[in-house]
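A look at the structure
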Amino acid sequence: MSRRELRERIFKMLFRVEFHPESEMKEQLKVFLEENEPMDEEDENYIRQKYEAVKEKLTEIDENINAHTTGWKTDRMGKAELTIIRLAVYEMLYDEDVPTSVAINEAVELAKKYGTDEAPAFVNGVLAKIA
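Let me sum up the structure you'll find in this document. (Residues numbered from 1 in each chain as written. Predicted model: local features only at pLDDT ≥ 70, side-chain atom pairs only at ≥ 80, totals over all residues. Heavy atoms only, no water.)

A few words on the side chain of lysine 55. Turning to its location among the elements, lysine 55 is positioned in helix H3 (residues 41-56). A residue is classified by how much of its surface remains accessible, and lysine 55, at 17% relative accessible area, is buried. Residues contacting lysine 55, with those up to four places away along its chain left out, are Leu14, Val17 and Glu22. (Helix = DSSP H or I, 4+ residues; strand = E, 2+ residues; numbered from the N terminus. Buried < 20%, exposed > 50% of the residue type's maximum accessible area, 1.4 Å probe, protein only. Contact = heavy atoms within 4.5 Å.)

Set out below in C-alpha cells:
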C-alpha cells in the first residue's frame, strides 16, 4: 500500500476520535481494521502505530494549532479539516520520515477529497503558519 493510501486510512481512523469517547477507541480501531480491505501485517501495524502516536499527542498538536491561528481555534474548525491538520502537524513536528513539504501537500490533497471547497486553502494556510 502506498504512503498516500496509508495516510488516508490513518486520517479516517483519526476522524473517529471526534465522534467516540476515549473508552471506545480501542474497539473502534479494531472495527476499522476489520472493515477495510485486507491489509498485510506491515501496513496494519503502520496504521495502528501512527494512529496511536498522533492520538497520544492530540493535546500538544491542538495547542500548537491554536497558537498559530487567529479566529479559527480548533473548536471552530470543521471536523474533517481539523483531523487533516492534526495529522499533518504530527508529521511536521514529530515524524522525521516525512518532510514538511510532503506533509503539507498530502494534507491539501486530503482536504480536496474530504473537505469543503474552501478546505484546501484553509488547511494550506494553517499549516504554512505552523511550518
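Okay, back to it.
For the rest of this paragraph, the subject is the packing of helix H2 (residues 25-35) against H3. Their axes nearest at 11 Å, the elements H2 and H3 cross at an angle of 150°. Taken as axis vectors, H2 and H3 run roughly antiparallel relative to one another. Viewed along their axes, H2 and H3 form a crossing whose handedness is right-handed. Along the contact surface, H2 presents Met25, Leu29, Phe32 and Leu33, while H3 presents Glu44, Ile47, Arg48, Tyr51 and Glu52. (Axes fitted to C-alpha atoms, helices over the stretch in contact; angles between N-to-C directions. Parallel < 35°, antiparallel > 145°, perpendicular 65-115°, else oblique. Left-handed = near helix turned anticlockwise from the far one by under 90°.)

Tallied over the entire structure, the rule returns twelve salt bridges. A salt bridge links glutamate 106 to arginine 7; the shortest N-O distance between them is 3.5 Å. A residue pair is termed long-range when its members are at least 10 positions apart, and glutamate 106 in helix H6 (residues 100-114) and arginine 7 in helix H1 (residues 3-15) qualify at 99 residues. Take glutamate 106 and arginine 7: they sit in the same class, and that class is buried. A salt bridge links lysine 112 to glutamate 109, with the shortest nitrogen-to-oxygen separation between them at 3.2 Å. With lysine 112 and glutamate 109 both in helix H6, this residue pair falls three residues apart, about one helical turn. (Salt bridge = Lys/Arg side-chain N within 4 Å of Asp/Glu carboxyl O.)

With that settled, consider the nonpolar core. Ile65, Ile85 and Leu127 are the most contacted members of the largest nonpolar core, which totals 39 residues. Only H1, H2, H3, helix H4 (58-68), helix H5 (79-94), H6 and helix H7 (119-130) provide two or more residues apiece to this core. Looking at this core, the element that brings in the most residues is H5, giving nine residues. The contact partners of leucine 127, leaving out residues within four places of it in the chain, are Ile85, Ala88, Val89, Met92, Ile104 and Ala107. (Core = buried A, V, L, I, M, F, W, Y, C linked by side-chain atoms within 4.5 Å.)

Worth remembering: the numbers are spatial, not functional.
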